[in-house]
Amino acid sequence: MGALSHIRVLDLSRILAGPWAGQTLADYGAEVIKVERPGCGDDTRRWGPPFVKDAEGNPGDAAYYHSANRGKKSVAIDITSTEGQALVRKLAAEVDVVIENYKVGGLAKYGLDYASLKAVNPRLVYCSITGFGQDGPYKQRAGYDFMIQAMGGLMSVTGEPEGQPMKVGVALADVMTGLYAVTAIQAALLHREQSGEGQYIDMSLLDVQVAALANQAMNYLVAEQPPARLGNAHPNIVPYEAFATEDGHIILAVGNDSQFRAFCELAGAADLAENPAFATNPQRVANRTDLIPLIKHLMKQYSSDWWLTQLEGCGVPCGPINTLDQVFSDPQVQHREMKVNLQHPEIGSVPGVANPVKFSGTPVTCQSASPLLGEHSDEVLQNLGLDAAEIAKLRQDRVIS
């Protein structure tokens, strides 16, 4: 039994942030019912290539869709119809959590907003995810991860000093918002256990991106100076960046003064650690423009493999810069079983990335890949008390598929 096996979730969201939250709750054992549009479903079903293929090479849904929807049940309901709205309200009356990421006020016209659903389920935890939140001057704007990374400051500290501001290579604002939403939902469920009351959760991608600036935000608030782009360098630790070796690049991540001394001794430059300009981390940060060229020269003496072996041997943090094929062939990643194979009704076995949480008593045991569009419509509606004739009529009227 999963940790949340007693929880039912109605997932009205699409694209990434909301679905990521729903997938995480499904990983933890919750029953997650995803409501999609009949005929086309979540937009990301078509966000490819690549598309997952069956044994004969026939394409199914996009890899993107499979990245955020495993373990869910799909129900295809037209929520623009009166009958579809009634079905969603019936579902909402029987679940613990609703997740949605429509524009501000977008579900009120369908009677599926928090006030409407709270009326049929006062214990409901209702989580809304938008680009900018439910209030403020930007509340009606659409929010996309790329623009949020830019507006939220992340791109201003990412990239080479003389190059373009750069986004992160994955939709990090979306993923982080999904994870913050999960923690908020769990906190609201714990509060409900004590109070008996549900509540509304207002999640904003921009809020999350600002919060996740972490030390960079505090650097600004304390120093009152916007941090600059440093490429792969660290604003508060030196040396802590990528360095070219004799035959490639590695990460050198010196976290304290004793590690710096060990590195200097290994590199045949023990005098650097004794130099007053470099002896402590604050001095190294202040004098990075003098120190880094010296370290670059030292790193080119040997191969990447030599450095990785020797640095690990003397306790200096370091690592290779892996491509994704190297990531999934890494012995530690394989030992931790971060690649999984999930069952799909048409494709058969679909590869996936495992949830990274390792519970001792309620392990994550998700076995099913992302569902087919409307795969569970009949099952879910039968559980609501509809008979075969009623379901057939809804399908005939194109309320469901």
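(A) Structural detail: the packing of aromatic side chains. Scanning the entire structure with this criterion turns up 10 aromatic pairs. Judged by centre distance (3.8 Å) and plane angle (25 degrees), the rings of Tyr302 and Trp306 are stacked. When the centroid spacing of 5.0 Å and the interplanar angle of 85 degrees are considered together, the rings of Trp306 and Trp307 count as edge-to-face. Under the relative-accessibility criterion, Trp306 is labelled partly exposed at 26%. Given the relative accessible area of 0%, Trp307 is considered buried. Among the aromatic residues, those joined into a ring-pair cluster are Phe263, Tyr302, Trp306 and Trp307. Across from the ring centre of Tyr138, 3.8 Å away, lies the NZ or CZ of Arg141, which sits over that ring. The side chain of Arg284 reaches across the aromatic face of Phe260, ending 4.4 Å from its centre.

(B) Structural context of the pattern of salt bridges. Counted under the stated rule, the structure contains 15 salt bridges. Of the charged contacts, one joins Arg45 and Glu36 as a salt bridge, the two residues approaching to 2.7 Å between their closest N and O atoms. A residue is classified by how much of its surface remains accessible, and Glu36, at 3% relative accessible area, is buried. Residues Asp257 and Arg284 are paired through a salt bridge, measuring 2.9 Å at the closest nitrogen-oxygen approach. Of this pair, Asp257 sits in helix α9 (residues 257–266) while Arg284 is found in helix α11 (residues 281–286), placing the two residues 27 residues apart along the sequence. Relative accessible area serves as the criterion here: at 25%, Asp257 is assigned to the partly exposed category. With relative accessibility at 0%, the residue Arg284 sits in the buried group. Connected through shared salt-bridge partners, Arg8, Glu31, Lys73, Glu94 and Glu379 make up one network.

(C) Spatial organisation of the pairing of strand β10 (residues 249–253). By the bridge criterion, 5 bridges tie strand β9 (residues 240–244) to β10 in an arrangement that is antiparallel. By the bridge assignment, Phe243 is partnered in β10 with Ile250. Taken together, β9 and the strand that follows it, β10, pair antiparallel across an intervening segment of 4 residues. Two strands pair when backbone bridges link them, and β10 and strand β11 (residues 318–320) are joined in this way by 3 bridges, in the antiparallel orientation. Across the sheet, Ile250 pairs through a bridge with Pro320, a residue of β11.

(D) Representation of the layout of surface pockets. Empty space within the largest pocket amounts to approximately 1,200 Å³. Around the largest pocket sit 37 residues that line it, and Trp20, Ala63, Ser67, Phe328 and Val353 are the ones nearest its centre. Broken down by secondary-structure element, the contributors of at least two residues to the lining of the largest pocket are α1 (17–27), α2 (63–66), α6 (172–195), α14 (324–329), β12 (339–344) and β13 (348–353). Of the residues that constitute the lining of the largest pocket, the class distribution is 26 nonpolar, 8 polar and 3 charged. If you add up the space inside the second largest pocket, you get close to 940 Å³. Lining the second largest pocket are 40 residues, with Arg14, Ile15, Asp43, Asn101 and Tyr102 sitting closest to its centre. Every element with two or more residues in the lining of the second largest pocket is listed here: β2 (31–36), β7 (125–130) and α5 (145–151). Looking at the lining of the second largest pocket, the element that brings in the most residues is β2, giving 3 residues. Class assignment for the residues of the lining of the second largest pocket results in 19 nonpolar, 8 polar and 13 charged.

Definitions and limits used
- Residues numbered from 1 in each chain as written.
- Predicted model: local features only at pLDDT ≥ 70, side-chain atom pairs only at ≥ 80, totals over all residues.
- Heavy atoms only, no water.
- Phe/Tyr/Trp six-rings, centres within 6.5 Å; stacked < 30°, edge-to-face > 60°.
- Buried < 20%, exposed > 50% of the residue type's maximum accessible area, 1.4 Å probe, protein only.
- Lys NZ or Arg CZ within 6 Å of the ring centre and 35° of its normal.
- Salt bridge = Lys/Arg side-chain N within 4 Å of Asp/Glu carboxyl O.
- Helix = DSSP H or I, 4+ residues; strand = E, 2+ residues; numbered from the N terminus.
- Pairing = 2+ DSSP bridges.
- 1 Å grid on protein atoms, 1.4 Å probe; cavity = no way out; pocket = protein on both sides within 12 Å on 5 of 7 lines; lining within 4 Å.
- Points joined across faces, edges and corners; volume = space filled by probe spheres on them.
- Nonpolar A, V, L, I, M, F, W, Y, C, P; charged D, E, K, R; others polar.

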